[in-house]
Amino acid sequence: MRASAVRHLIALSARSLGFLKDVTLHDTGYVDAVLVHGRFDFECYTEDLFHKLALAFPPSLCTALPLRRAEFLAGRAMADAALQALGKLTTEIPIGPDRAPVWPKGSVGSITHARGHCACFAKGDPGWQAGVDIEAIASATRWNRS
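Residues numbered from 1 in each chain as written. Predicted model: local features only at pLDDT ≥ 70, side-chain atom pairs only at ≥ 80, totals over all residues. Heavy atoms only, no water.

(A) Structural view of the nonpolar core. Counting residues in each nonpolar core, the largest one holds 35 residues, and the members touching the most others are Phe19, Leu20, Val36, Leu73, Met78 and Cys120. Broken down by secondary-structure element, the contributors of at least two residues to this core are α1 (3–15), β1 (20–27), β2 (33–40), α2 (49–52), α3 (66–85) and β4 (117–123). Per-element accounting of this core gives the leading share, eleven residues, to α3. Excluding residues that lie within four positions of it along the chain, Cys120 makes contacts with Val34, Leu35, Val36, Met78, Ala79, Ala82, Trp103, Ser110 and Ile111. (Core = buried A, V, L, I, M, F, W, Y, C linked by side-chain atoms within 4.5 Å. Buried < 20%, exposed > 50% of the residue type's maximum accessible area, 1.4 Å probe, protein only. Helix = DSSP H or I, 4+ residues; strand = E, 2+ residues; numbered from the N terminus. Contact = heavy atoms within 4.5 Å.)

Here it is in structure tokens:
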């Protein structure tokens, strides 16, 4: 991993004022591909973190609940870190008409967030399709309605 990517992760965590924690960069074993994973603390979320992390606040979030805004911010922070690690500098990852991220030219990726965890898999090859997901596993007793 490039030293500049690691420095970026450290700075990202520091600028987030406790919102982002345990952010790590993983080598996926694929050429020009990374996985960035971290945790986010909703209790530390404030709207000014979009500015502090230099990430765009899309108009579609204006009516969203604070938890949704926090999840969005955490996911976009992971995506920004993944693209930085790939050497792809971008100022924004817009939301497309299907609500999916619009990746910068020459890249592809996937963002996920759930229960305080967030991650992004990104690859510098638009010929790929990417998917990453974090979900809470439901217990069998919860669904057993004897």
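Further notes follow.
(B) Structural detail: α3. Spanning 20 residues, α3 covers 29 Å between terminal C-alpha atoms, matching the ideal 28 Å at 1.5 Å per step. Across the 20 residues that make up α3, a large majority, 16, are buried. Of the residues one or two after α3, Gly87 is the one with positive phi, at around 80 degrees. (Expected span 1.5 Å × (residues − 1).)

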